[in-house]
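Structural characterization, general
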Amino acid sequence: MKYFGTDGFRGEANVTLTADHAFKIGRFLGHYFQDGEHRVRVLVGKDTRLSGYMYETALAAGLTASGADVYEIHVTTTPSISYLIRKENFDFGIMITASHNPYTDNGIKVINGQGHKLEEEIEEQIEDYIDGRITELPYATGEHLGRCFDYTEGKEVYREYLVNLVKHSFEGKVIALDVSNGSATRIAGVIFERLGAEIHTINDKPDGMNINRHCGSTHIDRLQQFVRETGADAGFAYDGDADRCLAVDERGEVVSGDHIMYLCGMYLKGQGKLKDDTVVTTVMSNMGLYKAFDRAGIKYRQTDVGDKYVCADMMENGYVLGGEQSGHIIFREHAVTGDGVLTSLMIMEAMLHENKKLSELTEDLTIYPQLLENVKVKDKVAAREDEDVKAAAKEVEDALGDDGRLLLRESGTEPLIRIMVEAKTDAICREQVRKIADVLRAKGHVKEA
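Along the chain, the position of V381 falls in helix 13 (residues 380-385). Each C-alpha atom of the pair V381 and R133 lies 31 Å from the other, and the pair is 248 residues apart in sequence.

Quick look at the structure:
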């Protein structure tokens with residue numbers, strides 16, 4: 001794919017992703033989904049980036065020019081788009097976001113009528129249209145021109161949905177939130193307040209340029225300090241479009257995606273709601289999580305890195321819980337995509353049902369030290385298939401035994417070999433990663449800067 005990756009078309013605003021790209025995406029999709037006399041209905045949302053206004057307008061122009069009606073919800077979360085598409089029977093939706101990237105980037109993420117990421121074969125056709133390999137599409141005329149509607153009330157529909165999922169009152173609980181100057185700014189605090197919590201919020205004044213800037217789930221240290229300052233029972237940090245969540249316990253310690261899958265897996269198993277007692281993870285989840293699952297009688301599956309692979313496995317097999325270390329957690333009973341705000345509510349449900357502190361819910365989970373090194377190479381396939389590299393990997397695996405793990409893989413998008421080692425100590429991780437990196441360098445595979 002030339003433009004579309006695992007999370008849509010992402011790039012630097014008006015450099016690699018321009019307003020013209022957005023217009024053409026709108027033109028193609030507005031035409032593609034036409035079916036006879038059916039008027040296409042499209043839901044469009046955005047995060048708080050300055051460039052979001054430009055793409056919102058360009059997409060609307062392209063869509064309406066092809067005869068589609070556009071419902072603009074404006075600033076909202078990615079998972080709210082997925083939910084509202086399904087609830088209100090939109091033909092598809094578009095979220096304008098670059099997730100955890102800096103404000104200078106943006107992206108166009110298309111979500112199909114089932115609330116999932118758009119099929120790759122349609123993305124390929126969009127690319128063909130952008131690059132002129134598809135002949136010009138007809139414009140809508142007369143009464144067939146599309147219209148734009150304000151749909152800000154959709155945010156309230158989504159907020160009420162999440163509030164109604166919660167069975168326990170949050171009264172008496174002090175909660176710290178880091179909304180990353182992003183999409184969760186207008187969502188998370190309102191929900192926690194309605195459920196009775198006393199909330200303290202940071203990074204809740206977006207100006208178009210401060211989204212993700214030293215805040216949110218990619219800079220969790222800010223929330224750790226804030227939890228200690230406020231004496232909160234728990235803290236939750238979201239990314240720019242709020243489809244992921246990391247937590248901080250009452251001691252100020254980080255609760256990663258692996259911790260969240262463990263505590264929620266234990267909670268759902270106790271409720272008899274964990275199908276086949278199985279959780280879906282990616283290959284990057286920590287070995288400590290798997291050892292804890294083994295002790296608890298919870299089975300697990302591993303997919304390639306990426307929440308879309310986790311979701312596909314869950315949908316195919318009917319599993320109800322899955323996710324990634326980064327905080328993309330999917331609760332299939334309630335959503336078909338990662339939802340950071342929903343994740344924080346489910347953590348609260350587990351705490352309140354078990355009547356335990358957040359730290360107590362994860363005390364049986366020991367996370368092993370993990371080191372990931374990305375080595376830039378000339379040819380990643382040649383590097384990975386080198387017999388000496390394979391021999392070094394076997395040597396590392398033998399040295400680690402049952403007390404560690406090696407994951408050696410090619411990047412799906414860059415000329416990189418990723419070396420990840422888990423072991424009992426940081427020193428062992430460094431030593432074993434260096435062994436493989438040294439062989440890659442000695443064999444001439446490394447591309448020097």
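Now that the structure has been shown, we can carry on.
One can find D178 in strand 8 (residues 174-178). The side chain of D178 sits in the buried core without any salt bridge; R222 is the nearest counter-charge, 6.2 Å away. A distance of 3.0 Å separates a polar atom in the side chain of D178 from the backbone nitrogen of S180. A distance of 2.8 Å separates the side chain of D178 from the backbone nitrogen of G216, its partner in a polar contact.

The next subject is helix 3 (residues 78-88). For helix 3, a buried count of 8 out of 11 residues is recorded, marking the element as mostly surrounded by other parts of the structure. Turning to helix 3, its buried residues number three or more, namely T78, P79, S80, I81, S82, Y83, L84 and I85. On the buried face of helix 3, the contacting elements are strand 3 (41-46), strand 4 (69-75), strand 5 (92-96), strand 6 (105-111) and helix 5 (153-165). A positive phi of about 60° marks N89, the residue just after helix 3.

Reading across from one edge, 1-2-6-5-3-4-7 is the order of the 7 strands in this open sheet, with mixed pairing throughout. Whereas interior strands pair on both sides, the edge strands pair on one side only; in this sheet they are strand 1 (4-5) and strand 7 (148-150). Two strands pair when backbone bridges link them, and strand 3 and strand 4 are joined in this way by 6 bridges, in the parallel orientation. Across the sheet, V42 pairs through a bridge with V70, a residue of strand 4.

Mapped onto the elements, H328 comes out in the loop between strand 15 (321-323) and strand 16 (329-331). With a relative accessible area of 6%, H328 lands in the buried category. A polar contact of 3.3 Å, which involves the side chain of H328, links it to the side chain of D243. Within polar-contact distance, the side chain of H328 engages the side chain of S326 at 3.5 Å.

With that out of the way, let us pick up the pattern of salt bridges. Per the counting criterion, the structure on display carries 33 salt bridges. In this structure, the salt-bridge partner of R251 is D249, at a minimum N-O distance of 2.9 Å. Of the residues examined, D249 reaches a relative accessible area of 2% and is grouped as buried. For the salt bridge of E387 with K390, the shortest nitrogen-to-oxygen distance reads 3.8 Å. Note that E387 and K390 are positioned in helix 14 (residues 387-400) at a spacing of 3 residues, about one turn of the helix. Classification of E387 as exposed rests on a relative accessible area of 56%. On the accessibility criterion, K390 (32% relative accessible area) is partly exposed.

Turning our attention to the sheet that holds strand 10 (residues 234-238). With respect to topology, 5 strands assemble into an open sheet ordered 9-8-10-11-12, the strand pairing being mixed. A strand with exactly one partner marks an edge of an open sheet, and here the two such strands are strand 9 (198-202) and strand 12 (254-255).

Cut-offs and rules
- Residues numbered from 1 in each chain as written.
- Predicted model: local features only at pLDDT ≥ 70, side-chain atom pairs only at ≥ 80, totals over all residues.
- Heavy atoms only, no water.
- Helix = DSSP H or I, 4+ residues; strand = E, 2+ residues; numbered from the N terminus.
- Buried < 20%, exposed > 50% of the residue type's maximum accessible area, 1.4 Å probe, protein only.
- Lys, Arg positive; Asp, Glu negative; His and termini not counted.
- Salt bridge = Lys/Arg side-chain N within 4 Å of Asp/Glu carboxyl O.
- Polar contact = N/O pair within 3.5 Å; in protein donor to acceptor, adjacent residues only side chain to side chain.
- Contact = heavy atoms within 4.5 Å.
- Pairing = 2+ DSSP bridges.

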